[in-house]
Each structure stands twice: as structure tokens, then as C-alpha cells.
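# Structural characterization, general
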Amino acid sequence: MRAALICIDKPNHLQTRIDNRAAHLDHIQSSGIVEMAGPFLDAEGGMIGSLVILTVESMAQAQDWADADPYAKAGLFESVAIREWKKVVG
């Protein structure tokens, strides 16, 4: 199954994102369950959140991945929604 993580950054937390980016990317790479990922952007092109698509056995596995994300551990996100997602095109 696939799960979508929709993560919105806390306002004025760009430095938190920058400081934890390498660890976040390592988490993505080492987990082996990330199908695609990337930041949400504001009108000026600044990063303001993240979309991560995971291939998981359960929603609990998706929650565990989200909890272990260095961005989450650093307190970057204002909100995180995890939803089962069905790929139709692409």
C-alpha cells in the first residue's frame, strides 16, 4: 500500500529545515520505502512543507517512518497528515 505524508512547516522555521536536511535525506535513502518526496513551495519558491509517498505494509509503518524523520524530531512541522494513497497515473 502507499501512504502520503503531507507535512506543513511551522512559520519561520526554514533554518530548522536547512539544519536537518542532510539527516532527513539520509532517512529517506536508508529506509528503502520512499517512492517519491519533495518540498511544498511558497509563492517565492521557498520551502514550506513536504510531501512524501511511502510504500508500506501498514499505516503503522508509515507513522513509524514519520516519527523517525529528523525533520519531525527537530520540531519542523506545524502539522503532519498521513493518508492512504492510491496511485492512478504516473
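Before reading further, recall that the structure is shown in the block above.
The text that follows walks through the structure, step by step, so that each part is easy to find. Predicted model, so just to flag it, every value in this text is computed and none were measured. (Residues numbered from 1 in each chain as written. Predicted model: local features only at pLDDT ≥ 70, side-chain atom pairs only at ≥ 80, totals over all residues. Heavy atoms only, no water.)

### Remarks on the nonpolar core
The biggest cluster of nonpolar side chains holds 15 residues, and the ones touching the most others in it are L5, L54, V56, A62, W65 and I82. Going through the elements one at a time, β1 (2-9), β3 (47-55), α2 (59-68) and β4 (77-85) are the ones with two or more residues in this core. Apart from residues no more than four positions distant in its own chain, W65 is found in contact with L5, H24, H27, I28, S31, I33, V34, V52 and L54. (Core = buried A, V, L, I, M, F, W, Y, C linked by side-chain atoms within 4.5 Å. Buried < 20%, exposed > 50% of the residue type's maximum accessible area, 1.4 Å probe, protein only. Helix = DSSP H or I, 4+ residues; strand = E, 2+ residues; numbered from the N terminus. Contact = heavy atoms within 4.5 Å.)

### Quick look at unusual backbone geometry
The phi dihedral of N12 is positive, around 60 degrees, even though this residue is not glycine. Within the fold, N12 resides in the loop between β1 and α1 (14-31).

### Considering the pairing of β3
Pairing between β1 and β3: seven bridges, direction antiparallel. Bridge pairing in β3 links A3 to L54. Here strand β2 (residues 34-41) pairs with β3 via seven bridges, running antiparallel. Paired with P39 across the strands is S50, a residue of β3. In sequence, β2 turns back onto β3 through a hairpin of five residues, with G45 there showing a positive phi of about 90 degrees. (Pairing = 2+ DSSP bridges.)

### A closer look at the sheet that holds β1
The strand order β2-β3-β1-β4 describes an open sheet built from four strands, whose pairing is antiparallel. The two strands at the open ends of the sheet, each matched to only one other strand, are β2 and β4. Pairwise comparison of adjacent strand axes, ignoring direction, gives a mean angle of 15 degrees for this sheet. Sheet strands touched by α1: β1, β2, β3 and β4. Its angle to β3, the strand with the most contacts, is close to 10 degrees. Running over the sheet, α2 touches β1, β2, β3 and β4 and is turned about 155 degrees from β4. (Axes fitted to C-alpha atoms, helices over the stretch in contact; angles between N-to-C directions.)

### Observations concerning the pattern of salt bridges
Should their charged atoms come close, side chains of opposite charge can pair. Counted by the stated rule, this structure contains three salt bridges. A salt bridge links E35 to R2, with the shortest nitrogen-to-oxygen separation between them at 2.5 Å. Of this pair, E35 sits in strand β2 while R2 sits in strand β1, placing them 33 residues apart in sequence. Exposure remark for E35: the relative accessible area of 30% places this residue in the partly exposed category. (Salt bridge = Lys/Arg side-chain N within 4 Å of Asp/Glu carboxyl O.)

Function-wise, these values are silent; they only describe arrangement.
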